[in-house]
Amino acid sequence: MAKTFKGGLHIDDHKSITASIPISFAEGSDIHVFPLQQHIGAPIEPVVKVGDSVKVGDLIADNPEAFMCVPLHSSVSGVVKAIEPRVHTSGAKVTSIIIENDKLYEKSENLLPKNPDNMTSQEIIKVIRDAGIIGMGGAGFPTHVKLSPSADKKITHVIVNGAECEPYLTSDHRRLLEIPETVIDGLQIVMKALNLKEGYIGIELNKKDAIEVIKKHAPENIKIVSLKTKYPQGAEKQLIYAICGKQVPSGGLPADAGVIVLNVDTVTQISKTFRTGMPLIERIVTMSGDCFNEPKNLLVRMGTSFNDLINICGGFSKQPQKLISGGPMMGIAQYTTDVHVIKTTSAILALSDTGDTFENGSVCIRCGKCVEKCPMKLMPLYLNKFARKEDFESAVKYNILDCIECGICSYLCPGLQSPLVNIRLAKQKIIEHRRKNQK
Amino acid sequence: MENKFIVSSSPHIHKEEKISGIMLDVIIALMPATFMGVYYFGIRAAAVILTAIAASVISEYFYCRFMKKTSSVGDFSAIVTGLLIGLNMPPSVPLWMVVVGSAFAIIIVKMLYGGIGKNFLNPALCARCFMVVAWAGAMTTFVEPLSAMDAVSSATPLSVLKGSEGVLPSVVSAFWGKTAGCIGETSSVAIIAGGIYLLFRRVITWRIPVIMIIVFGVLEYFFGSNTFAVSQLEFTLLHIFSGGLMLGAFFMATDYTTTPTTKMGQIIFGVGCAFITFVIRSFGGYPEGVSFAILLMNLLTPLIDRYTIPKKFGYVKSK
C-alpha cells in the first residue's frame, strides 16, 4: 500500500508534458551571473576580483567564518567582468559575480575524486560543504548543516525525497530513471557519513517507471517506498510522517524526529562530487508549461540566463501570463526573463492561463475546505482573517507559524480568497517583531 | 519579444471551483425533492417554489442596487435560499407570505449582516421560523398529497405522533413522501438521492447529516415514548422520514456559512442538532423541531469552532 499523510489533495500534475523527455544538456550563456544569495543562512563574500580568470569548478565566493553557509563555484571558464547587483529570481537585486564565458569550459586542476570509504564522517561532511551543496528542492538549506545535527539528536532515518509533488516538475523523475545508480551512490555516501545501515527513497506512484528502475538498482539496505500521489507529499514533514510515521515537533527540524531528508538532485550531486571532484555547478531544470514550443528537461550550468534557456526550448508558442521559477504551487513569479539559474531553480514554467482573476469581491463562505485539506492541520480561514486584521496574537494562537506555505488553501478556495498571501505577510511581520524584541 | 508577466504570490494555479459552481450543485441536488414535491402537491407547489426563488433573487438584486454594492446575484446563493424556502412551505400557503418570508431571509438575515459568508443564521430556516410565528395558521395547515383540485386538509405524520387526530402513514409511504407536509420535506428518498449527489461531488461531508440522523434515530429508539400501535423501530423510522429531519440534515445543517469548519466541530454540531430536535419533538409544544435545532446550533457555531481547533501537525505537549 502506498504511504501518505493526512490532508492534502491530488492536483492535476501536468507532468506528461516533460516526463518522457530525456535530460539534455543546455549550452552555457555568453555571460553567467552568480548571485551571492543562493542558500539559507549567513551571507558569503566574493573571493575573486574583477578581471580575474576563473576555470570551471573554481571557488568564487565563500565565508569560511560562518557554519551556516556554503561556498559558490564558477560553472564556466572565463573572466570576471563585474561584481554588481543583478535581479535575482526572488525579485530583489542581489550582489552577483558576473563572468564572461569563454566557452572553453577548462576545468580547474585541483578537482580530484575522493574515496568516501577511507574518510571519517567529519571529512565526508567537509567535502559536501566545500562543494557548495544545498537542498536543491527549493529552500536551499546547506546540506552539511543538515548532516551535522547536535549530539543529543539521534538520527535513525535518512530519506531521499523523490516525491516531486509539485505539478509540472519532472527533473527528479528523469534523474531516477536515467542515473539511478548515482542517486543510490549519493545516498550510500550520506549513510556512511551518518553511520546508518539503512536508507529510504520515497517516490510518488505517478512515477511507477522510476520506482521499478530504482528497485532494480537498489541494494537490500535501501528501501524504496511508494507514496500516494498527493500534494504536498514531498513537503519534508509530510514525507517523514508518510515513511517513518513520525511527526516533526512543531518549530523543530527533521533531525528532531531523528530524520534527515535530502533531495534527489542533492544526493546526485554528492555522488558526483566524490566521484569526479566537481563541486555543485549544474542542476536539472524542468522547462514546462503550455507556452514553450519544445518543453525540456535541461541540465543547466549555474548562472545561465533564463532568456537563453527559453530560446533553447524554441521560445514561446504563445504569450505566457506567468513565468515561474520553481513549481506552480510554491515557485516565484518572475517579472523579467533577465534572471539567471541558481542552485534552487528546479523549473522554469511558462503558463498562459493560471486562473488568476484579481476580481474584486472575493469572499470566505466558510466552506471549511482549507481546514479539511491543510497538511499542517491549521485553520487557514481564521489565519487569513487574523492576518488581515493584524491580530497577530490570535494568529499565533491559531499556529500561524506552523504554516509550511504549501498553498493548498489559496488553490482550493472557491471564494477566490488567497489566504496564503496574508498568512505569509503576517508570518514575516511576527518573526520580525520577535527578532526586534530579542535584541 | 516584449514580455509582460503577471507577478503575484504563490500558488500560481487555482482549482476551477467557484461559489457559483457549488451553488449549482446544491440546486441540482434539490431537484429530486422539488420534483417529488410538485408531483405530490401539484401546480400550487410549483407556484410557491417559483415565488420564493423570484422573491429571494429580486430582494438580493435590489438590496445591492440600493446599497450601491456590486450585485451578488451571480453566485446563485439567492436561488438556493429561495428554493429551500419554497421547499419548506406548506403547499397551501398564500403566495404573498412567501414573498415576505423570502425578503426577510435575504435582506434581514443575510444581506444586513454582510451577505454570503457573513450571516450567522441559516436564512431559509429563519424565514420558516419567522413565518411559523407570524402566520401560525397558514404555516401549519397541510394538505393531503395527490388530492384532487380541492385540497383536503390533513395532519402531518409528526402532528399525529404529537397527538393530533389522524392516521399514521406506513413507513414506506413516509419514505417515499406520500404524506402531508412541507413541499420538499416529505420525500426522504428524493432528499437522500440529492444528499448522495452532494457527497459524491464533495460539496458536503458526511459528518453532520449522517451523525445527526443516526443520533436522532438512536434517541428516538431508546427514549421516544411510543404510544401507537407500531413497533419501536417503525416509530423511530417514522420520526426520521417525517418532517424536516432529512431536508434539514442534508441541506440546512450542511450550510457552509453557519456550521463549524472543523471535523470535531461538525460532529458536535450534528449531535447537538439531533439532541435538540429530539427534545423539541418529545417535550416541546411544536410537533417539529429541526428548524429550531439547527438555528440554535448555528448560534453556537463560532464557539464550537473556537473550542475545536484541531491539534496541529507536530503538536508537542508543553512541558
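Above this note sits the structure.
Notes on the structure follow. As the structure is a prediction and not an experimental result, all values here were calculated from the model.

## Here's the deal with the nonpolar core
Counting 90 residues, the largest nonpolar core has Leu30, Met89, Met212, Phe251 and Ile294 of chain B as its most contacted members. Among the elements that line this core, the one with the most residues is helix H1 (residues 19–66) of chain B, at 19 residues. Residue contacts for Phe251 of chain B: discarding those within four places in its chain leaves Val26, Ala29, Leu30, Leu84, Ile191, Gly194, Gly195 and Leu198 of chain B. The next biggest cluster of nonpolar side chains, apart from the first, holds 80 residues, and it includes Val76, Ile99, Met119 and Leu147 of chain A.

## Remarks on the state of the cysteines
One pass over the full model with this rule turns up zero disulfides over all chains. Looking at the unpaired Cys244 of chain A, the closest cysteine sulfur is the one in Cys165 of chain A, lying at 17 Å.

## Some remarks on the interface of chain B and chain A
Each side of the interface is counted separately: chain B has 43 residues, and chain A has 62 residues. For the pair chain B and chain A, the summed buried area comes to about 4500 Å², and 61% of that belongs to carbon and sulfur atoms. Of all residues in chain B, the largest losses of buried area upon contact with chain A belong to Phe5, His12 and Phe313 of chain B, amounting jointly to 20% of the total for that side. One can count three salt bridges joining chain B with chain A. As a salt-bridge pair, Lys312 of chain B and Asp402 of chain A come within 3.0 Å of each other at their nearest N and O atoms. Here chain B and chain A share 24 residue pairs in polar contact (both at pLDDT 80 or more) between them. Looking at the side of chain B that touches chain A element by element, the count peaks at three residues for helix H13 (residues 290–307) of chain B. Looking at the side of chain B that touches chain A residue by residue, the classes come out as 17 nonpolar, 14 polar and 12 charged.

## Remarks on the sheet that holds strand E17 (residues 347–351) of chain A
Residue and element names in this part refer to chain A. Pairing in this open sheet of six strands is mixed, and the strands run E1-E14-E13-E17-E15-E16 from one edge to the other. Taken across any chain shown, the strands that pair with only one partner, and hence form the sheet edges, are strand E1 (23–25) and strand E16 (332–334). With direction set aside, neighbouring strand axes in the sheet form an average angle of 30°. In this sheet, E17 lies alongside strand E13 (residues 282–289) in parallel orientation, the contact comprising four bridges. Looking across to E17, one finds that Gly289 is bridged to Ala350.

## Observations regarding the pairing of strand E5 (residues 59–62) of chain A
All names here are of chain A. Of the strand pairs in this sheet, strand E3 (residues 45–46) and E5 are connected by two bridges, and their pairing is antiparallel. Counterpart to Glu45 in the pairing with E5 is Asp62. Pairing of E5 with strand E6 (residues 72–73), which is carried by two bridges, proceeds in the antiparallel orientation. Bridging across to E6, Leu59 finds its partner in His73.

## Focus on the packing of helix H4 (residues 180–194) of chain A against helix H5 (residues 208–217) of chain A
All names here are of chain A. Close contact between H4 and H5 brings their axes to 9 Å; oriented N to C, the two are set at 60°. As summarised for this structure, H4 and H5 are arranged oblique, according to the angle between their axes. In the crossing of H4 with H5, the sense of the turn from one axis to the other is right-handed. Contact with H4, carried on its side by Pro180, Glu181, Val183 and Ile184, involves Val213, Ile214 and His217 of H5 and no other residues of that element. The class makeup of the residues in the contact of H4 with H5 is five nonpolar, one polar and one charged.

## What to know about the sheet that holds strand E4 (residues 53–54) of chain A
All names here are of chain A. Taken together, four strands build an open sheet; the order of strands is E2-E8-E7-E4 and the sheet is antiparallel. This sheet does not close on itself; its edge strands, each paired only once, are strand E2 (31–35) and E4. The pairing of E2 with strand E8 (residues 93–101) spans five bridges and is antiparallel. Its bridge partner lying in E8, Ile31 is registered against Glu100.

## Some remarks on helix H6 (residues 236–244) of chain A
Note: α-helices contain 3.6 residues per turn, so residues at a spacing of three or four share the same orientation. All names here are of chain A. Burial runs high along H6: eight of the nine residues are buried. Residues Lys237, Gln238, Leu239, Ile240, Tyr241, Ala242, Ile243 and Cys244 constitute the buried set of H6. Here the buried face of H6 lies against strand E9 (157–162), strand E10 (199–204), strand E11 (222–227) and strand E12 (259–263). Directly beyond the C-terminal end of H6, a positive phi value near 70° is found at Gly245.

## Considerations on unusual backbone geometry
All names here are of chain A. The omega torsion of the bond from Tyr231 to Pro232 falls at -10°, within 30 degrees of zero and hence cis. One non-glycine residue with positive phi stands out, namely His14, at about 55°. Inspection of the secondary structure assignment puts His14 in the segment before E1.

Reading guide: rules and limits
- Residues numbered from 1 in each chain as written.
- Chains lettered and ligands numbered in written order.
- Predicted model: local features only at pLDDT ≥ 70, side-chain atom pairs only at ≥ 80, totals over all residues.
- Heavy atoms only, no water.
- Core = buried A, V, L, I, M, F, W, Y, C linked by side-chain atoms within 4.5 Å.
- Buried < 20%, exposed > 50% of the residue type's maximum accessible area, 1.4 Å probe, protein only.
- Helix = DSSP H or I, 4+ residues; strand = E, 2+ residues; numbered from the N terminus.
- Contact = heavy atoms within 4.5 Å.
- Disulfide = S-S within 2.5 Å.
- Buried area = accessible area lost by both parts, 1.4 Å probe.
- Salt bridge = Lys/Arg side-chain N within 4 Å of Asp/Glu carboxyl O.
- Polar contact = N/O pair within 3.5 Å; in protein donor to acceptor, adjacent residues only side chain to side chain.
- Nonpolar A, V, L, I, M, F, W, Y, C, P; charged D, E, K, R; others polar.
- Pairing = 2+ DSSP bridges.
- Axes fitted to C-alpha atoms, helices over the stretch in contact; angles between N-to-C directions.
- Parallel < 35°, antiparallel > 145°, perpendicular 65-115°, else oblique.
- Left-handed = near helix turned anticlockwise from the far one by under 90°.

Nothing here speaks to function; it is all geometry.
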